[in-house]
Amino acid sequence: MSDLEGHLQKAIVSIPECVAAGYVDLSTGMLLGIRTVDSHPQEVLELLSAATSDLFQGTNVVTIENLFKKARGLPVDGGYHYFQEMIITSDNLLHLFLRGKTHTDHVVVFVCRRSANLGMAIMKARTALPDIELVV
């Protein structure tokens, strides 16, 4: 197990009802690491990085982000990203997407059971992010 996968596994244990963690490089579209408690079809894992890239870099998302930056007097082409975290709920899962603080072109993804306390899951995910970024 790589250092990255070890840190993802450590995060899974610390985040309430977490069943998977992944680390995506938005600049290359690559999934750099993944840990899950269950096995998942390869096509799902392959789509994780593409879906994450769409969430943070899709045409409409970038347009909205740039409008917000412009309205707040921030440089549109300064490398700053307005959207830092996204939460998606499905029937039985919470999907937490956190943009890296050190590596802003990276996103860590945590998937928890829907029954997890959302506030605690976010707090634990935020706590795990710096350690994960250190090994990349």
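Our structure is the block above this text.
These notes cover the structure that comes with them.

1. So, the overall build of the protein chain
1) Next: From N to C terminus, the protein chain includes 4 helices and 5 strands.
2) Next: Helices (α) and strands (β) of the protein chain occur, in sequence order from the N terminus, as α-β-β-α-α-β-β-β-α.
3) Next: Against the compact-globule benchmark of 14 Å for 136 residues, the protein chain has a radius of gyration of 15 Å, which places it among compact chains.
4) Next: Counting only C-alpha atoms, the protein chain reaches 45 × 30 × 30 Å along its principal axes.
5) Next: Counting over 136 residues, the protein chain shows a buried share of 35%.
6) Next: Taking as baseline every contact in the protein chain between residues at least 6 positions apart, the subset at least 24 positions apart corresponds to 53%.
7) Next: In the structure as shown, the protein chain presents an accessible area of about 7600 Å², 56% of it carried by carbon and sulfur atoms.
8) Next: In the protein chain, 11 side chains carry a positive charge and 15 a negative one; their mean positions are 9 Å apart.

2. A closer look at the state of the cysteines
1) Next: Throughout the structure, instances matching the rule amount to 0 disulfides.
2) Next: Left unpaired, Cys18 is separated from the closest cysteine sulfur, that of Cys112, by 4.3 Å.
3) Next: Taking the relative accessible area as the measure of exposure, Cys112 reaches 0% and is therefore buried.

3. Points about the side chain of His95
1) Next: Mapped onto the elements, His95 comes out in strand E4 (residues 93-99).
2) Next: A distance of 3.3 Å separates a polar atom in the side chain of His95 from a polar atom in the side chain of Ser90.
3) Next: For His95, the residues in contact, after removing those within four places along its chain, are Met86, Ile87, Ile88, Ser90, Phe110 and Val111.

4. Digging into unusual backbone geometry
1) Next: The phi dihedral of Glu17 falls on the positive side, at around 55 degrees, and the residue is not glycine.
2) Next: Residue placement: Glu17 occurs in the loop between helix H1 (3-14) and strand E1 (18-25).
3) Next: On the basis of relative accessible area, Glu17 is assigned to the partly exposed category, the value being 32%.

5. Describing the pattern of salt bridges
1) Next: A complete count under the given rule lists 1 salt bridge for this structure.
2) Next: Residue Arg126 is joined to Glu85 by a salt bridge in which the shortest nitrogen-to-oxygen separation is 2.8 Å. Here Glu85 lies in strand E3 (residues 85-89) and Arg126 lies in helix H4 (residues 118-134), a separation of 41 residues in the sequence.

6. What about the pairing of E3?
1) Next: Bridge analysis of E3 against E4 gives 5 bridges, and the strand direction is antiparallel. Looking across to E4, one finds that Ile88 is bridged to His95.
2) Next: Between E3 and E4, which follow one another and run antiparallel, lie 3 residues.

7. What to know about the packing of H1 against H4
1) Next: Relative to each other, H1 and H4 sit at 165 degrees, their axes nearing to 10 Å. For the element pair H1 / H4, the angle class is roughly antiparallel. Our pair here, H1 against H4, has a crossing hand that is right-handed. Together, Leu4, His7, Leu8, Lys10, Ala11 and Ser14 of H1 and Lys124, Ala128, Asp131 and Ile132 of H4 make up the contact between the two elements.

Cut-off values and rules
- Residues numbered from 1 in each chain as written.
- Predicted model: local features only at pLDDT ≥ 70, side-chain atom pairs only at ≥ 80, totals over all residues.
- Heavy atoms only, no water.
- Helix = DSSP H or I, 4+ residues; strand = E, 2+ residues; numbered from the N terminus.
- Rg over C-alpha atoms; globule rule 2.2 N^0.38 Å.
- Buried < 20%, exposed > 50% of the residue type's maximum accessible area, 1.4 Å probe, protein only.
- Contact = heavy atoms within 4.5 Å.
- Areas by Shrake-Rupley, 256 points an atom, 1.4 Å probe, with all protein chains shown as cover.
- Lys, Arg positive; Asp, Glu negative; His and termini not counted.
- Charge placed at Lys NZ, Arg CZ, Asp CG, Glu CD.
- Disulfide = S-S within 2.5 Å.
- Polar contact = N/O pair within 3.5 Å; in protein donor to acceptor, adjacent residues only side chain to side chain.
- Salt bridge = Lys/Arg side-chain N within 4 Å of Asp/Glu carboxyl O.
- Pairing = 2+ DSSP bridges.
- Axes fitted to C-alpha atoms, helices over the stretch in contact; angles between N-to-C directions.
- Parallel < 35°, antiparallel > 145°, perpendicular 65-115°, else oblique.
- Left-handed = near helix turned anticlockwise from the far one by under 90°.

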